[in-house]
Each structure stands twice: as structure tokens, then as C-alpha cells.
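# Summary of the model geometry
One letter stands for each residue in the lines below.
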Amino acid sequence: MSNKRAPAYLPFKTFLSALDRLAQGMPHEVSKECFPTYSGVMQGQIIGALRFFNLIDDSGVPKGSALEQLAAQKSIARRKANLLPLVR
């Protein structure tokens, strides 16, 4: 079994909206309950993307301050710039 993670697959706008939700208050553990307005499938996609980008661990705990800093960015351009290294 490989340790590679599945790539993130969700609309970019949805990912940005999820970051906006996290900016309202960073939880100690990111779980589906953090995104109550999304369907269960989309909640899983958001969490999968956060794991893929190594922003949370397998338990949903944010790694370092990267997720908090990314969520705190209000400018879409700044978020895109901060996401670029993760995508590459």
C-alpha cells in the first residue's frame, strides 16, 4: 500500500469558501462538522484537500500555522500565491 495521498478534487471556489469558514475560528481538529453547510461528500473533499496539501494530519489536526495563515488571508490573490507552492 502506498503512502501517497489522493489528489484534491473540488471546485477552487469551494476550497476558498472553506478557508473563509476556518478563518472565523480555527478548530483544534478539522472535521466534517466544521463545514455544516456543505454536503457530506463535499465535506470529505474539503478535508481530503487539506490533507493532500499537508495542512492537517490524518486526525484533522492543523500542522503548524500554515492553515491558519492561509485562512487568514482575505485577498484571493494572496491565497493563490500561498497555494501555488502546495500545488507544485
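Within each chain, residues carry numbers counting from 1 in the order of the written sequence. This being a predicted model, a pLDDT of at least 70 is required before a residue's local features are given, and a value of 80 or more before pairs of side-chain atoms are given or counted; all residues contribute to the totals for chains, interfaces and linings. The basis for every side-chain value is the complete set of non-hydrogen atoms in the structure, without hydrogens or water.

### A few points about the overall build of the protein
Labels follow the DSSP assignment, with helices taken as runs of H or I lasting at least four residues and strands as runs of E lasting at least two, numbered in each case from the N terminus. Counting its secondary structure elements, the protein contains four helices and zero strands. The N-to-C order of helical and strand elements in the protein reads α-α-α-α. Taking 2.2 N^0.38 as the reference for a compact globule, 88 residues should give roughly 12 Å; the C-alpha atoms of the protein span a radius of gyration of 12 Å, in line with that estimate. Along the first, second and third principal axes, the C-alpha set of the protein runs to 40 × 30 × 25 Å. When the 88 residues of the protein are sorted by exposure, 30% land in the buried category. Contacts: residue pairs with any heavy atoms within 4.5 Å of one another. Considering only intrachain contacts with a sequence separation of at least 6, the fraction spanning at least 24 residues in the protein is 56%. In this description, accessible areas are obtained by the Shrake-Rupley approach with a 1.4 Å probe, and a residue is regarded as covered only by the protein chains that are shown. Per element, the accessible surface of the protein, about 5,800 Å² overall, is 54% carbon and sulfur. The positive count covers Lys and Arg only, the negative count covers Asp and Glu only, and His and the chain ends enter neither. Note that the charge is assigned to NZ on lysines, CZ on arginines, CG on aspartates and CD on glutamates. Positive and negative side-chain charges in the protein, numbering 12 and 6 respectively, have mean positions lying 11 Å apart. A radius of gyration in this sense is built from C-alpha atoms; the matching globule rule multiplies 2.2 Å by the number of residues raised to 0.38. Burial classes: relative accessible area under 20% of the type maximum marks a residue as buried, over 50% as exposed, and values in between as partly exposed (1.4 Å probe, protein chains only).

### Things to note about the packing of aromatic side chains
A pair of Phe, Tyr and Trp rings is counted when the ring centres sit within 6.5 Å of each other, with Trp represented by its six-membered ring. The angle between the planes then sorts it: under 30 degrees is stacked, over 60 is edge-to-face, the rest tilted. Evaluated as defined, the whole model comprises three aromatic pairs. Aromatic pair Phe52 and Phe53: ring centres 5.4 Å apart, planes at 70°, arrangement edge-to-face. Each member of the aromatic cluster is reached from another via a ring pair, and the members are Phe15, Phe52 and Phe53.

### With respect to the nonpolar core
Residues enter a nonpolar core if they are buried and are Ala, Val, Leu, Ile, Met, Phe, Trp, Tyr or Cys, with the set joined through side-chain atoms within 4.5 Å. Ranked by internal contacts, the top residues of the largest apolar core, which has 20 residues, are Phe15, Leu22, Val30, Phe35, Leu50 and Leu67. When near neighbours in sequence (up to four residues on either side) are disregarded, Phe35 contacts Ala18, Arg21, Leu22, Val30, Gln43, Ile46 and Ile47.

### Let's talk about the side chain of Gln73
Its location among the elements puts Gln73 in the loop between α3 (66–72) and α4 (76–87). If sequence neighbours within four positions are ignored, Gln73 has contacts with Arg78, Arg79 and Asn82.

### Focus: the confidence of the model for the protein
For any part of a model where pLDDT is low, the fine detail of the predicted coordinates should not be relied upon. Per-residue confidence from the prediction method is given by pLDDT, with values spanning 0 to 100. Overall, the prediction assigns the protein a mean pLDDT of 89, with 95% of residues at 70 or greater. Across the protein, the secondary-structure element scoring lowest on mean pLDDT is α4, at 85, and the one scoring highest is helix α2 (residues 40–52), at 94.

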